[in-house]
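# A structural walkthrough
The primary structure of each chain is shown beneath.
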Amino acid sequence: MKKARLFFQLIGLGVLAISLSIASCTKEGPMGPAGADGTDGKDGVDGNSTCLACHGQEIKTTIEAQFSQSVHVSGLNAVDYAGGRSYCARCHSHQGYVEFAETGAVSGNISNPTAWECATCHSLHETMEAGDYALRLNGPVTLLTDNTTVVDEGNNNTCLNCHQSRRNGDYYDKYTEAQTFTRKFTGDDIAVYQTAAFGPAGSATLNATSDTLTVVFDVPTTHVYISSTHAGPHLSSQGNTWIGVGGYTAAAGTMFSGHSDGCVKCHMDEASGHSFKPELDNCTSCHGEKDVYMDAIAGRVEAIGVALEAIHAIHEEDGEYHPMYASITREQFQAFWNFMILLEDRSNGAHNPTYTEALLDQAEDLLGL
């Protein structure tokens, strides 16, 4: 018992010593004089404001929903077919576009091209500042039709980089001496090319087993050789019709003043946004509910197509026109070129009514329509 009593007495002395020690540490001296007031500062920027410009739930959800409806993100802009090719990749894949924007060229083929995304057009998450989502390619554009003409149309420049012709008619009409080209056709192409436009002294010969057709295309200096089933300005001539360049016409090509706001106004207004789909209200406000004018333009384009098919410059299949290998007169070729610009523009005059009519007038005159 004595030992137990001594043990508890020692514990009590220890607790008392600790308590006295704590008390001695927490003593405070007299309060010192008040310090001088600090200089008033400005309120800082909310640290999330830059992020919320895109990542606010409503904004982000809206943009993503719109962009999901776009041909750019769906991959229908030929990512698999052309996105990896060095010459095509600048417009047909995310990687190619970014490399071109940063270096001015695509150095080589891309092994695993992907479709467009937000960071294709916008330089995202690089500086983490307000201008971080600026457009990558928004400066003046040198047109590929001649590699000398420069246009500067503000935010429309981003669209013009890709939505323009890749070549002009001189790409095909380039021979100063008579030429001869020989091609072999098999399968369904045999029926198509037995009556081809093979020129004044050309020929089409079917082999003994009827499985190969050899066509000799005679191209005198009065003719032009259509050397590809993809011949023409390319599938994105919208910028050319809007600006008024690239076609065969005696009329001066000028931008239609009524559509001077261009791509952004009609293809990225409030409802369309990042879907890039033109809004009907933007058309009907000027053209009325039923646009008889655009229907008439479509009819004229169709009539020229029928005339070109009759001379075997193009071939209609499943409701679509495709160029054919052919040797046709220079006048016929120029009509063909105007037709391909308007066919690939796909706006039936909406992008530039005045220039569209000039191209149609010229083509009709050249074909005697």
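Read on for a plain summary of the structure. (Residues numbered from 1 in each chain as written. Predicted model: local features only at pLDDT ≥ 70, side-chain atom pairs only at ≥ 80, totals over all residues. Heavy atoms only, no water.)

### Overview of the state of the cysteines
Counting across every chain of the model gives one disulfide. What pairs with Cys91 in a disulfide is Cys162, and their sulfur atoms sit 2.2 Å apart. Every disulfide takes its handedness from the sign of the S-S torsion; for Cys91 and Cys162 that torsion is -95°, giving left-handed. Here the residue Cys91 occupies a position in helix H6 (residues 89–92), and Cys162 occupies one in the loop between helix H9 (156–160) and strand S3 (179–185), the gap between them amounting to 71 residues. An identical accessibility class is assigned to Cys91 and Cys162; each is buried. Lacking any disulfide linkage, Cys263 is separated from the closest cysteine sulfur, that of Cys159, by 4.1 Å. (Disulfide = S-S within 2.5 Å. Helix = DSSP H or I, 4+ residues; strand = E, 2+ residues; numbered from the N terminus. Buried < 20%, exposed > 50% of the residue type's maximum accessible area, 1.4 Å probe, protein only.)

### Here we look at the side chain of Ser327
Positionally, Ser327 belongs in strand S9 (residues 326–329). Under the relative-accessibility criterion, Ser327 is labelled buried at 5%. Only 2.7 Å separates the side chain of Ser327 from the backbone oxygen of Asp218, close enough to count as a polar contact. Once residues lying within four places of it in the same chain are set aside, the contact partners of Ser327 are Ala197, Phe198, Gly199, Phe217, Asp218, Val219, His223 and Val224. (Polar contact = N/O pair within 3.5 Å; in protein donor to acceptor, adjacent residues only side chain to side chain. Contact = heavy atoms within 4.5 Å.)

### Quick look at the packing of aromatic side chains
The tally for this structure, following the rule as stated, stands at 15 aromatic pairs. Summarising the aromatic geometry, the rings of Tyr171 and Tyr172 are spaced 4.9 Å apart at their centres and angled 75° between planes, so their arrangement reads as edge-to-face. Relative accessible area serves as the criterion here: at 44%, Tyr171 is assigned to the partly exposed category. Judged by relative accessible area, Tyr172 falls into the buried class, the value being 3%. Between Tyr172 and Trp337, the ring centres sit 6.1 Å apart and the planes meet at 55°, which makes this aromatic pair tilted. Residue Tyr172 is found in the loop between H9 and S3, and its partner Trp337 is found in helix H15 (residues 330–345); the two are separated by 165 residues along the sequence. There is no split in this pair, since Tyr172 and Trp337 are both buried. Among the aromatic residues, those joined into a cluster by ring pairs are Tyr171, Tyr172, Tyr248, Phe333, Phe336 and Trp337. Over the ring of Phe100 we find Arg90; its NZ or CZ atom is 3.8 Å from the centre of that ring. Over the ring of Tyr171 we find Arg167; its NZ or CZ atom is 5.0 Å from the centre of that ring. (Phe/Tyr/Trp six-rings, centres within 6.5 Å; stacked < 30°, edge-to-face > 60°. Lys NZ or Arg CZ within 6 Å of the ring centre and 35° of its normal.)

### Notes on the pairing of strand S8 (residues 320–323)
Within a regular beta strand, the side chains point alternately toward one face of the sheet and then the other, so they alternate between its two faces. On S8, burial follows the alternation: Tyr321 and Pro323 on one face are buried, whereas Glu320 and His322 on the facing-out side are not. Two strands pair when backbone bridges link them, and strand S7 (residues 314–317) and S8 are joined in this way by four bridges, in the antiparallel orientation. Within the sheet, the bridge partner assigned to Ile314 lies in S8 and is Pro323. Hairpin connection, S7 to S8: the antiparallel pair is bridged by two residues, and Asp318 has positive phi, about 55°. (Pairing = 2+ DSSP bridges.)

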